[in-house]
Amino acid sequence: MLTKPNARDRRHACWLPLPIAISLLMGCSGVDAADLTLAARYQIEQPSQDMGDALRAISRVTGVSVIVDARVIAGRTARAVSGHLSGAEAIAAAIQGSGLESQRAPDGAVVVRPATSPAAVPAAAAGSTPASFRTNAVFPPETVQTSADDDVAIATADAAIGGDGRIETITRVEVTGSRLRRVDAEGPAPVNVYTARDIEKSGQPNLQRFLASLTEVSATAGEGAVSRTFGQGTVQLRGLPLGSTLVLVNGRKVQAVGSSTGAVFNLNLIPMAAIERIEVLPSGSSAVYGGDALAGVVNVILKKALDGQSLTLRLGAGKGFEDGSVSLATGGRFADGSYLVMGSYSRTSPLTMLDRAFFKDADYRRFGGGDERLNYCAPGSVRSTNGSNLPGLTASVAGIPAVAAGQPLRISDFQATAGTENLCNLYATGGGVALVHGVQTYALHSQVEHRLAGTWSAFGELMLTEDRMRAPGNGLPLTNVLVPAANPFNPFGADVRVTAVLGAENGTQGYARQSRFTRALVGVKGELAGDWEAEMTVSTSRDHGSARSKMDNRNATALDAALASTNPASGINLFTAGRAANDDVLHGIWSDTVRRDRGRKDQVSGIVRGSVGQLWAGSVDAIVGAEAVRDWYDMSIPVQSSEAHGTRTSSAVYGEARVPLLRGGDGGRNSWDMAAVTLAGRRDRYSDFGAASTFQGGIEVRPSRGLLIRGSAAGSFKPPTLLQTHVVDVTRSAVTSRLTDPARNNEPITSGTVVRTTNTELRPERGQSRNIGAVWEPEGGLGTRFSATYWQLRIHGMITVLTSQAALNYESLFPYLVTRGPSVNGQPGPVLSVKNTEVNIGRVDTAGTDADFAYVWKSALGRVTAGAGATRVNKYRVVVTAGAPEVDRLGRRFTDYWAPQWKGRLSLGVDEGAWSLGLTSRYLGSYLDAGTSTRRLGDFWQHDLAGSLNLKKLLPNVLPGFKVATFSLSVANATAREPQFVPGSPNFDVTQGDWRGRYAAARLSLDW
């Protein structure tokens, strides 16, 4: 069971009430700007489809809230909508002829209800063209049905509806991939959208694991102590290198946090309870969003609206671990605005190698591997100092026998173990190396909006997160240390050597980190002349934290003194699995390493968007924007007297336009955009390395309403990190590096220096992406959809640290890294200095195909959804460093970046309204083990189950005070499949493995 936070945890959470109170006060003066959006116009391209899906799509982009009884629209089909329309006009057009009418509520929302008479139905806006809004074709079945238990804001509006049915408010969600506002989410580049319910029904415990389950994510950085990111949540679209995927929050950049050395943003800092949806653009997009979007963009959209209160409780568990969370939110709408405040707490217990039988014995011959046990055990093994027999024994080595605490050992106790060593798995000693970190997170999410005057409003966002991570580790290892004869615990009366791990009660190695993250944003927006609108924001995000590597520093002098001491009180006993020494002795030998990090990003940005004119095929929409940014990073490790500091400023200007080319149909309500192009460009300038320009373009062709053929091409870049452009100079003798000089017949270098320094010639990594594909959605379908996309991604000029010897070997490529003395008789002069620094040298070239299919039909049980999705990678070629050959990483395991050929998903679900049930099966294709191994891995399925109950519908009289009451249950990896064995520590594929096994989670959500 989950344990209560201890007193120390409660003290560290004491900051929560203050920002909650401040946000509540802000919210009380906050206002709803829904009425401000009624007049704003957007390019809307939407096919005839399910009424709930149509209203949701219109509301998500136009910002107009829709209040509707879900039972009233059930089974109704919306008309196709096309044109440059306001949200209210689009809603009126969608419900035309359906027997429904729309009416504006006092707070600016649009109420949809049964028409009282034919005359009451509003006139539809002229024009109608197709579009589509994809929520996630492979997750059943809620993604294609509007229901009262959706993770959206709920409002009480019985008077406006004229009944006591279920009331739903659908709120606005921005679309990733373009800054132009359109309801046509299917633009020239593919955008995959996953709602909060999709995350819940996946059964995954956190955001990182959910993203890792997607077909467009080929590999991950892993979790626990074997992670390459020290336990921070990350994502690698297309399996490309860490840091090549840009993470946005509400469409805006956040800083790469200090605890990741300023390289990636920690997804675990985003409170899960605050997520409304995630939009994934698996394609480079720097012309729209700036740097870091080499592989694509993950945009995390946070919840924006709530009318009332909401409580969510979640409890999950698997073999050997458990997790849980609680969130409480309050929100409201007023005549002039709205507010939302949400507080949450989550906790995960650690899962270690001690909790899995796979690791308890490192003899992996049972899996076709080798015996990887070592003599690091508690107790360990003893051997003679010169290879002769130990005193009183017939062998030079013996395992130390385990005896009762306090019982002295005698030579006769070693007779049974003479000639053998104690062998075990070092990583399963002590507390065990963490497979999943233990984490506690306190978070606050708040949003507020207030009308100022006319069409102008002010808005703000605030997110505060405190993240505490702990990771147990193995016992304290000692390798072949000399135990003098005078040591009071040495039973041999002669000098011997011992290899061992101290018992857990002496302390263990491990890792602990505490981070505090703050993100605040304020802005204003409103209409300018004509149909133009403007928005300006000022934001800051910052984090500070500390990381502690426990007992990883060993004082050799103190250890030798303890071993040589003849006093048991000041000595150390290496012949026991129990207590080896008192705390003073142990802490005098082993100490912690503490690292402190701070990071900050300040940003000012402004945009204007609107129509620049009218062509024969429709309105030309455009956006122009600019931003100025300051980044700052600071790191220090006091025990090592190590520090790193960096700061940079940057600015950018950008623009984007969509130009309609052809319009089909009769030119009236039955017409649609047959062809359109989208163009974008951006110029970024940085204070520490120069400038970067990026462009992208796309085309959309719609031969019919339900068929879209599209293509896009884009450039992208990733700037060097602050640590790469602000390296602290360190100089050492070249002699100690044992370098040779190829330019002088490989003669050894006997003088000169090696300098670890900043490369002033360093440039950003560059990328290009291309996509071509099609989307087909039959008109009037309940959610039937097919899409296919062929994609290419190329990254070149990848940044890597070039060794000093490589700098000498490839001096012709990097002449600025080698300084020589004067040449003599035509021979290059001797090396005076070699730089050890970052250079642009590597490249990645990958390509593949994504395909998704969903079919929806109505049955006696309810709405049934069948879905399938797959990613087939057909190329993944890499050059890592200078002189290295091109390596094929397709279908071959690597520890950093690579891709399996196949990753897929099948799903089937049914939604009756009062209950739903779904099954999702995830497939990982076959791939080869690392190196030149012929061992086959992968080629397996994992199955996830999810179900939910609408308690309000099933028990209408039991919960009268609640607007929403749902209970859901999910089971991920229902067959408890474990990661596969691979040779070499940690003996499983970190990029694909998850040791949670079968994981079940229950969730209760109440709104009132």
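Structure first, text after, so check above.
Residues numbered from 1 in each chain as written. Predicted model: local features only at pLDDT ≥ 70, side-chain atom pairs only at ≥ 80, totals over all residues. Heavy atoms only, no water.

### Here we look at the sheet that holds strand 10 (residues 245–249)
Within a sheet, neighbouring strands are paired by backbone hydrogen bonds and run either parallel or antiparallel to one another.
Line of reasoning, step 1. If you trace the five strands from one edge of the open sheet to the other, you get 9-12-13-10-11, paired in mixed fashion. Of all strands in the sheet, those with a lone pairing partner are strand 9 (192–195) and strand 11 (252–253), marking the two edges.
Line of reasoning, step 2. In the sheet, strand 9 pairs with strand 12 (residues 275–281) via four bridges, with the strands oriented antiparallel. Looking at strand 12, one finds that N192 is bridged to V280. (Pairing = 2+ DSSP bridges. Helix = DSSP H or I, 4+ residues; strand = E, 2+ residues; numbered from the N terminus.)

### Things to note about the nonpolar core
Line of reasoning, step 1. Counting residues in each nonpolar core, the largest one holds 43 residues, and the members touching the most others are L211, F265, I275, I278, V298, L302 and Y876.
Line of reasoning, step 2. Broken down by secondary-structure element, the contributors of at least two residues to this core are helix 9 (207–212), strand 10, strand 12, strand 13 (296–302), strand 16 (337–348), strand 38 (785–802) and strand 41 (863–879).
Line of reasoning, step 3. By residue number, the principal contributor to this core is strand 38, which donates four residues.
Line of reasoning, step 4. Not counting the four nearest positions on each side in its chain, I275 is found in contact with A196, I199, L207, I270, V300, I301, L302 and K303. (Core = buried A, V, L, I, M, F, W, Y, C linked by side-chain atoms within 4.5 Å. Buried < 20%, exposed > 50% of the residue type's maximum accessible area, 1.4 Å probe, protein only. Contact = heavy atoms within 4.5 Å.)

### Structural notes on the side chain of N206
Line of reasoning, step 1. For N206, the position within the fold is in the loop between helix 8 (196–202) and helix 9.
Line of reasoning, step 2. When residues no more than four places from it in sequence are discounted, the contact partners of N206 are E223, M272 and R996.

### Brief notes about the sheet that holds strand 18 (residues 381–384)
Line of reasoning, step 1. Spatial strand order, 19-18-24-23: four strands in an open sheet with antiparallel pairing. The two strands at the open ends of the sheet, each matched to only one other strand, are strand 19 (397–399) and strand 23 (477–483). Direction aside, neighbouring strands of the sheet carry axes that sit 15° apart on average. (Axes fitted to C-alpha atoms, helices over the stretch in contact; angles between N-to-C directions.)

### As for the layout of surface pockets
Line of reasoning, step 1. The space that makes up the largest pocket amounts to roughly 920 Å³.
Line of reasoning, step 2. As for the largest pocket, its lining consists of 39 residues, and the residues nearest its centre are L242, A263, T721, Q724 and I799.
Line of reasoning, step 3. Elements with a minimum of two residues in the lining of the largest pocket: strand 29 (642–664), helix 14 (722–725), strand 38 and strand 40 (831–858).
Line of reasoning, step 4. Per-element accounting of the lining of the largest pocket gives the leading share, four residues, to strand 38.
Line of reasoning, step 5. Among the residues making up the lining of the largest pocket, the classes are represented as 17 nonpolar, 14 polar and eight charged. (1 Å grid on protein atoms, 1.4 Å probe; cavity = no way out; pocket = protein on both sides within 12 Å on 5 of 7 lines; lining within 4 Å. Points joined across faces, edges and corners; volume = space filled by probe spheres on them. Nonpolar A, V, L, I, M, F, W, Y, C, P; charged D, E, K, R; others polar.)

### So, helix 12 (residues 556–564)
Think of an α-helix as 3.6 residues a turn; residues three or four steps apart then line up on the same face.
Line of reasoning, step 1. When helix 12 is considered as a whole, its buried residues turn out to be L559, A562 and L563. The buried residues of helix 12 all sit within an arc of 100° when viewed along its axis, so they share a single face.
Line of reasoning, step 2. If you check the start of helix 12, you find a side-chain oxygen 3.1 Å away from the backbone N of T557, and it comes from N555. (Arc of directions from axis to C-beta. Polar contact = N/O pair within 3.5 Å; in protein donor to acceptor, adjacent residues only side chain to side chain.)

### What about the pairing of strand 37 (residues 765–776)?
Line of reasoning, step 1. Side chains E765, G767, S769, N771, G773 and V775 of strand 37 all project onto a buried face; the interleaved residues R766, Q768, R770, I772, A774 and W776 project onto a face where none is buried.
Line of reasoning, step 2. Bridge count for strand 32 (residues 707–718) against strand 37 is 12 bridges, and the pairing is antiparallel. In the strand pairing of strand 37, L707 is matched with W776.
Line of reasoning, step 3. Pairing geometry for strand 37 and strand 38, over 11 bridges, is antiparallel. In the strand pairing of strand 38, Q768 is matched with R794.

### With respect to a nonpolar patch on the surface
Line of reasoning, step 1. Residues L452, V522, V524, M536, V538 and V604 make up a contiguous nonpolar surface patch of about 480 Å² in total accessible area.
Line of reasoning, step 2. Elements that contribute at least two residues to the nonpolar patch include exactly strand 25 (508–527) and strand 26 (533–554).
Line of reasoning, step 3. By the secondary structure assignment, M536 is in strand 26.
Line of reasoning, step 4. Exposure remark for M536: the relative accessible area of 46% places this residue in the partly exposed category. (Patch = residues over 30% accessible without salt bridge, like charges linked within 9 Å, V, L, I, M, F, W, Y side chains within 5 Å. Areas by Shrake-Rupley, 256 points an atom, 1.4 Å probe, with all protein chains shown as cover. Salt bridge = Lys/Arg side-chain N within 4 Å of Asp/Glu carboxyl O.)

### Topic: the pattern of salt bridges
Line of reasoning, step 1. Here the structure, examined in full by the defined rule, presents 51 salt bridges.
Line of reasoning, step 2. Of the charged contacts in the structure, one is a salt bridge between D602 and R600, with a shortest N-O distance of 2.9 Å.
Line of reasoning, step 3. On the basis of relative accessible area, R600 is assigned to the partly exposed category, the value being 29%.
Line of reasoning, step 4. Two residues, R658 and E700, come together in a salt bridge whose shortest N-O distance is 3.4 Å.

### Some details on helix 6 (residues 87–94)
Line of reasoning, step 1. Buried residues dominate helix 6, accounting for six of its eight residues.
Line of reasoning, step 2. Among all positions of helix 6, only G87, A90, I91, A92, A93 and A94 are buried.

### Description of the environment of T789
Line of reasoning, step 1. The residue T789 is located in strand 38 in this model.
Line of reasoning, step 2. A relative accessible area of 6% means that T789 is categorised as buried.
Line of reasoning, step 3. Between the C-alpha atom of T789 and that of G711, which follows or precedes it by 78 residues, the distance is 8.9 Å.
Line of reasoning, step 4. Apart from the residues within four sequence positions on either side, T789 is in contact with P190, R710, N771, I772, G773, G848, T849 and D850.

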